[in-house]
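# Residue-level structure breakdown
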Amino acid sequence: MIGNILVTLALLASIFTMIMYYYSYKGYTNTLVYARIGYHVMAVAVVVASALLLHAIITHDYSYKYVYSYSGSGMSLGLLISTFYAGQEGSFMLWFLFTTIVGLVLLDYSSKRGDLEPRVMLVFTLAVSFLALMVNPALKSPFNFIWMEEAYIDISKINQAFLSLPLLQGHIFQDAQNNTSFVRMSAELVAGLKGAGIAFNQFLIEGKGLNPLLQNFWMQIHPPLLFVGFSMATVPFAFAFAAMMKNDYQDWVKQALPWTLAGMGVLGLAIMLGGYWAYGVLGWGGYWGWDPVENSSLVPWIIGVASVHTLLVQKKTQDSGKGSRFVKTNLILSIMTYLLVLYSTFLTRSGILGDSSVHSFVDPGMTVYLLLVLFVGTFTLLGFGGIIYRWKYLNQKFNFEDDTLSRELALFTGAATLIASAVIILVGTSAPIFGQTVEIRFYNELNLPIGIIIGLINGLSLILKWKHTKGNDLWKSSQIYLGVATAITLGVVFIGGVTDVMQVIFTFSASFALSVNSDIAYKIVRKKTTFAGAYIAHVGIALFMLGVVATGGYTSNEQVDLVKGKPTEVLGRQLTFTGYSPTVDGKYAFNIEVDEGGSKSTVAPVMYIAEFNNSLMREPDILTTLTKDFYVSPLSYDDKRQTQSGSDGRAVTLTKGTSTDYNGAKITFESFDFPEEGMSSMMGGGDFEIGAKIIVNVDGQTFEVEPKLTSDGQNRVFVPASIQEANLKIGMTNLDASGSVSLLLSTISGGSEPVQTPEEVLSVEASVKPFINLVWLGVLLMTAGFVVSVVRRTKESQS
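How each quantity is defined
Per chain, residue numbering runs from 1 following the sequence as it is written. Side-chain atom pairs in this predicted model are given and counted only at pLDDT of 80 or more, local residue features only at pLDDT of at least 70, and totals for whole chains, interfaces and linings cover all residues. By convention in this description, side-chain values take in all heavy atoms of the structure and omit both hydrogens and water. Each helix is a run of H or I in the DSSP string that is no shorter than four residues. Each strand is a run of E no shorter than two, and both are numbered from the N terminus. Burial classes: relative accessible area under 20% of the type maximum marks a residue as buried, over 50% as exposed, and values in between as partly exposed (1.4 Å probe, protein chains only). For every accessible area listed, the method is Shrake-Rupley and the probe measures 1.4 Å; residues are considered covered only by the protein chains on display. The charge count treats Lys and Arg as positive and Asp and Glu as negative. His and the chain ends do not count. Charged side chains are reduced to one point each, which is NZ for Lys, CZ for Arg, CG for Asp and CD for Glu. Where helices are involved, their axes are fitted lines through C-alpha atoms of the stretch in contact, as for all axes, and angles between N-to-C directions lie from 0 to 180°. Reported orientations rely on four angle classes, namely roughly parallel under 35 degrees, roughly antiparallel over 145, roughly perpendicular from 65 to 115, and oblique for the rest. Note: crossing handedness is left-handed where the near helix turns anticlockwise from the far helix by less than a right angle, and right-handed where it turns clockwise. Contact definition: two residues touch when any of their heavy atoms are within 4.5 Å. Classification convention: Asp, Glu, Lys, Arg as charged; Ala, Val, Leu, Ile, Met, Phe, Trp, Tyr, Cys, Pro as nonpolar; all other residues, Gly among them, as polar. Detection works on a 1 Å grid of protein atoms alone, calling trapped sets that fit a 1.4 Å probe cavities and calling open sets with protein on both sides within 12 Å along at least five of seven lines pockets, with lining residues defined by an atom within 4 Å of a point. Grid points are joined across faces, edges and corners, and a volume is the space filled by probe spheres set on the points. Working definition: rings of Phe, Tyr and Trp (its six-membered ring) pair if their centres are within 6.5 Å, and the pair is stacked with planes under 30 degrees apart, edge-to-face with planes over 60 apart, and tilted otherwise. Should a side-chain nitrogen of Lys or Arg be within 4 Å of a carboxyl oxygen of Asp or Glu, the pair is scored as a salt bridge. Here the expected span of a helix is defined as 1.5 Å times the quantity of residues minus one. Criterion used throughout: strands pair if DSSP finds at least two bridges between them. Definition of nonpolar core: a set of buried residues of the types Ala, Val, Leu, Ile, Met, Phe, Trp, Tyr and Cys, connected through side-chain atoms within 4.5 Å. Residues with no salt bridge and a relative accessible area higher than 30% make up the patches, which join like charges within 9 Å and nonpolar side chains (Val, Leu, Ile, Met, Phe, Trp, Tyr) within 5 Å.

## Structural notes on the overall build of the protein chain
Within the protein chain one finds 21 helices and 23 strands. Overall, the C-alpha framework of the protein chain stretches about 95 × 85 × 45 Å when taken along its three principal axes. When each of the 799 residues of the protein chain is scored for burial, the buried share is 52%. Here the protein chain has roughly 35400 Å² of accessible surface; of this, 59% comes from carbon and sulfur atoms. With 52 positive and 59 negative side-chain charges, the protein chain shows a separation of 17 Å between the mean positions of the two kinds.

## Notes on the packing of helix α12 (residues 292-319) against helix α13 (residues 327-349)
Put simply, α12 and α13 touch, their axes get as near as 9 Å, and they point 165 degrees apart. As judged from the angle between their axes, α12 and α13 are roughly antiparallel. When you trace α12 past α13, the crossing you get is left-handed. Along its contact with α12, which presents Val 293, Ser 296, Ser 297, Val 299, Pro 300, Ile 303, Gly 304, Ala 306, Ser 307, Thr 310, Leu 311 and Gln 314, the element α13 presents Val 327, Thr 329, Asn 330, Leu 333, Met 336, Thr 337, Leu 340, Val 341, Ser 344, Leu 347 and Thr 348. Broken down by class, the residue content of the contact of α12 with α13 amounts to 12 nonpolar, 11 polar and no charged.

## Considering empty space enclosed by the protein
In the structure shown here, the tally under the stated rule is two cavities of 30 Å³ or more. Taken as a whole, the largest cavity encloses approximately 60 Å³ of empty space. Along the walls of the largest cavity sit Pro 212, Leu 213, Gln 215, Asn 216, Val 281, Tyr 608, Met 617, Arg 618 and Glu 619, which together make up its complete lining. Sort the elements by how many residues they give to the lining of the largest cavity and strand β10 (residues 615-619) lands first, with three residues. For the lining of the largest cavity, the residue count by class is five nonpolar, two polar and two charged. For the second largest cavity, the calculated volume is near 40 Å³. For the second largest cavity, the full set of lining residues is Arg 573, Glu 596, Leu 623, Thr 625, Lys 628, Asp 629 and Phe 630.

## Some points on the packing of aromatic side chains
On inspection of all chains with the given rule, the structure shows 43 aromatic pairs. Each ring, one from Phe 130 and one from Phe 375, has its centre 4.7 Å from the other, and the planes form 5 degrees; the classification is stacked. On the criterion of sequence distance, the pair formed by Phe 130 in helix α6 (residues 116-134) and Phe 375 in helix α14 (residues 366-397) is long-range, its members being 245 residues apart. A relative accessible area of 9% means that Phe 130 is categorised as buried. For Phe 375, a relative accessible area of 3% gives the class buried.

## Quick word on the pattern of salt bridges
This structure, assessed with the given rule, holds 15 salt bridges. Taking the shortest distance from any N to any O, the salt bridge between Arg 36 and Glu 117 comes out at 2.6 Å. With Arg 36 in helix α2 (residues 32-58) and Glu 117 in helix α6, this residue pair connects regions lying 81 residues apart in the sequence. Residue classification places Glu 117 among the buried positions, given a relative accessible area of 2%. For Glu 596, the salt bridge is made with Arg 573, and the minimal N-O distance between the two is 3.4 Å. Pair noted here: Glu 596 is in strand β7 (residues 588-596) and Arg 573 is in strand β6 (residues 573-582), with a separation of 23 residues, a long-range link.

## Considering α2
Its 27 residues give α2 an end-to-end C-alpha distance of 39 Å, which sits within 8% of 39 Å, the value for a rise of 1.5 Å per residue. Within α2, the full set of buried residues consists of Ala 35, Gly 38, Tyr 39, Met 42, Ala 43, Ala 45, Val 46, Ala 49, Ser 50, Leu 53, Ala 56 and Ile 57. Tucked into the core, α2 has its buried residues touching α1 (2-25), α3 (65-70), α4 (77-82), α5 (88-111) and α6. Of the residues flanking the end of α2, it is His 60, one or two places downstream, whose phi is positive at about 55 degrees.

## Details of the sheet that holds strand β1 (residues 152-154)
In a beta sheet, neighbouring strands pair by backbone hydrogen bonds and run either parallel or antiparallel. Taken in spatial order, the three strands of this open sheet run β1-β3-β2, and their pairing is antiparallel. Two strands lie at the open edges of the sheet, namely β1 and β2 (172-175), each paired on one side alone. Taken pair by pair, the neighbouring strands of this sheet meet at an average axis angle of 35 degrees, ignoring direction. As paired strands, β2 and strand β3 (residues 180-184) are joined by four bridges and run antiparallel to one another. Along β3, the bridge assignment pairs Phe 173 with Phe 182.

## Quick word on the sheet that holds strand β12 (residues 628-638)
Judged by pairing direction, the sheet is antiparallel, and its four strands sit side by side in the order β4-β23-β12-β11 without closing on themselves. Looking along the sheet, the strands with just one partner apiece sit at the ends: β4 (556-563) and β11 (621-624). The mean angle between the axes of side-by-side strands here comes to 20 degrees, regardless of whether they run parallel or antiparallel. For β4 and strand β23 (residues 761-770), the ladder comprises eight bridges, and the chain directions are antiparallel. The residue of β23 that forms the bridge with Leu 562 is Leu 762.

## Comments concerning the pairing of strand β18 (residues 708-711)
Residues in a regular strand point their side chains to alternate faces of the sheet. Burial along β18 is one-sided: Leu 709 and Ser 711 are buried, while Lys 708 and Thr 710, pointing the other way, are not. Note that strand β16 (residues 688-698) and β18 share four bridges and pair antiparallel. Bridge pairing in β18 links Glu 689 to Thr 710.

## So, the nonpolar core
By size, the foremost hydrophobic cluster in this structure holds 141 residues, and its most contacted members are Met 93, Met 185, Phe 203, Phe 239, Trp 252 and Phe 379. Each residue touching Trp 252, except ones within four places of it in the same chain, is listed here: Pro 236, Phe 239, Ala 240, Ala 243, Leu 311, Gln 314, Asn 330, Leu 331 and Ser 334.

## Here we look at a nonpolar patch on the surface
A surface patch of nonpolar side chains, about 650 Å² in accessible area, is lined by Leu 12, Ile 15, Ile 19, Tyr 22, Tyr 23, Tyr 25 and Tyr 28. Here Tyr 22 shows up in helix α1.

## Remarks on the side chain of Asn 458
The residue Asn 458 is located in helix α16 (residues 440-463) in this model. Apart from the residues lying within four places of it in its own chain, the contact partners of Asn 458 are Ala 513, Asn 517 and His 538.

## A few points about the environment of Ser 601
Following the sequence through the fold, Ser 601 ends up in strand β8 (residues 599-603). By relative accessible area, Ser 601 is classed as partly exposed at 24%. Separated by 22 residues in sequence, Ser 601 and Leu 623 place their C-alpha atoms 8.2 Å apart. In this structure Ser 601 touches Ile 592, Glu 593, Val 594 and Leu 623, once residues within four positions along its chain are discounted.

## Let's talk about the pairing of strand β17 (residues 701-705)
In this sheet, β17 lies alongside β16 in antiparallel orientation, the contact comprising five bridges. Counterpart to Val 696 in the pairing with β17 is Phe 703. Linking two consecutive strands that pair antiparallel, namely β16 and β17, is a turn of two residues; a positive phi of about 50 degrees is found at Asp 699 within it.

## Side note on the environment of Gly 283
Looking at where Gly 283 falls in the secondary structure, it is placed in the loop between α11 (252-281) and α12. Sequence separation of Gly 283 and Gly 377 is 94 residues, and the distance between their C-alpha atoms is 39 Å. Contact partners of Gly 283, with chain neighbours within four places excluded, come to Ala 278, Pro 620, Tyr 631 and Ser 633.

Below, the structure written as structure tokens:
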């Protein structure tokens with residue numbers, strides 16, 4: 001119970017620290033040192049507790065329910081360590097740890113800047129206290145023992161040598177439906193084991209393991225970076241509230257700016273690493289699916305980036321003696337960035353998005369749910385309560401009008417456009433709360449014009465001068481950039497084949513931003529590199545936008561069945577399935593030779609049955625070149641399939657909603673027809689029948705047919721469906737749990753029955769993704785720009 005004692009000590013130390021900082025803020029001179037001691041005691045407790053949890057994971061101490069639930073043997077050290085944050089309890093612990101460490105840096109940072117420390121650390125420690133409360137033993141502690149909640153353990157995880165012990169009587173339960181048995185863990189059983197001289201780790205010898213989808217290299221990097229970004233988002237909130245406490249809005253901007261830049265740089269990189277992870281592992285071929293949980297971390301990043309630009313305006317106008325622009329805006333955006341991080345946490349961990357997102361955690365229970373609501377509500381009340389309290393003063397002292405052609409107004413307009421995008425995404429993301437869902441095109445169609453505006457404003461804002469710019473000067477300065485943008489756009493249209501009007505305009509917008517920022521960055525880097533951060537980041541964003549155009553609308557896809565040893569033409573390449581081979585981690589790599597114009601290479605997508613949930617898992621493989629990716633995602637494998645049907649037959653594999661053409665007919669797979677009673681019958685080994693609903697459009701007529709798979713419990717028979725009017729026979733030869741069906745298409749008049757040919761057939765979906773490397777290059781440049789900017793603004797904050 002040492003871990004629980006330490007997190008409880010951390011909670012008490014954080015409360016003590018808040019009290020001491022409050023007294024220091026009120027003018028007490030002897031409490032500041034106690035506040036610092038209190039914070040360091042809390043930090044030591046959190047670090048030691050985290051080390052204990054990590055030790056329990058590495059040593060496979062399954063007496064902790066959390067360790068049993070998410071880790072197991074046979075994992076690499078890196079993946080084993082990543083189970084630290086695989087569940088609710090551990091991820092809260094990681095957030096607590098990182099926020100505490102950020103607080104140590106902030107404490108040192110603020111202690112060197114006048115009377116800032118008591119105000120900033122008071123607010124920051126309040127956030128830490130909520131996280132400390134979240135991992136309290138009564139809520140989501142990862143240190144609770146497995147017998148405290150009388151968990152039911154799969155009997156396969158128990159040392160078989162002890163199953164005959166008398167003390168297990170009354171603790172073993174059968175699940176006849178799933179043909180499994182469980183052992184109910186209890187304090188009584190543990191006491192019995194101890195009395196028999198049996199160590200618990202001798203009794204429970206295996207954990208549940210990590211979800212196969214999480215067993216990836218990026219699991220070791222993406223979540224920690226995300227939580228670092230979340231932790232750093234607390235700091236701008238603390239600075240903004242500290243400014244309102246003192247009612248002084250001058251110094252906080254330069255003090256908060258480096259933290260905002262660093263936090264958004266880390267958070268942005270973390271978000272896109274998640275996209276890269278999805279692209280390389282999940283097999284659907286994209287990097288952003290507008291999943292509600294993905295969106296919930298994107299929204300605070302967008303608001304944080306908007307605040308960076310308005311903070312820069314306020315700092316510039318203050319430094320030039322022209323007053324403080326956008327003070328109210330900066331306070332609101334700095335507060336909203338952290339509030340949206342908390343709202344993101346609420347959506348992800350409250351269970352609300354359980355049916356809407358593959359990333360969402362299960363319902364954590366009413367107590368945790370209410371604490372999350374209290375967490376969000378407290379900081380909402382603090383933030384906006386402070387603004388309302390100070391609004392009259394802010395409105396009187398900071399109310400300016402800017403010239404239409406000025407950099408100040410352009411940056412504000414850009415920030416407002418970013419906010420509009422965040423609102424759109426937030427509305428769609430929050431829809432499940434009200435029992436609604438939105439389609440992906442909702443996000444795409446509404447954000448496309450916003451992206452166009454952002455690109456144009458980004459370029460114009462750098463051409464415009466501070467305070468005022470003459471129209472003629474703007475036109476003269478823009479001509480060369482407009483020319484470059486036009487040339488790039490025409491190249492994309494005539495060479496790349498982009499014809500959609502909105503995408504053409506989007507391309508022009510991104511090209512304009514790219515040409516302006518590239519030119520300015522080149523000139524500045526030659527003189528003073530630290531001043532080029534913003535321009536480098538903008539170049540990255542412009543390249544990212546061009547990559548989105550290339551991959552979003554002009555990716556080529558084709559589903560195909562590859563018969564072993566037979567070359568097949570796919571998207572301008574010869575693909576030959578050469579067989580499969582086991583991998584070192586117990587999976588199966590399906591080797592495909594790719595011949596593109598005489599240049600040969602090999603891709604090896606992976607399929608395997610995961611013990612975690614006994615389901616088929618698929619991993620794509622990618623052949624990357626400078627200008628495109630050749631992406632191959634496995635669908636299914638069969639070595640006893642009908643693949644021939646006389647001279648006029650054709651085998652195809654379709655996923656739900658996809659179509660193929662055959663002899664003038666358009667054939668669409670709609671869905672499976674599988675009655676509920678059929679599922680239980682199939683699981684029990686009885687009779688069942690599965691149909692594939694097929695829509696056929698030919699000669700202006702529409703037909704609905706349903707080829708079937710029937711079984712009497714021993715033999716399975718595929719029953720084809722025929723359409724006499726279309727001279728078409730459709731047989732089902734295989735179906736897959738992922739939602740794909742393999743069909744055999746032939747003509748009724750062909751006169752030849754299908755020939756059973758035992759062949760190895762690999763079904764894959766292949767796609768060509770042009771210039772997707774622009775997306776990844778753009779992210780790297782954007783991150784580099786943030787790093788350079790942080791260095792510059794940190795130096796300026798010391799003056």
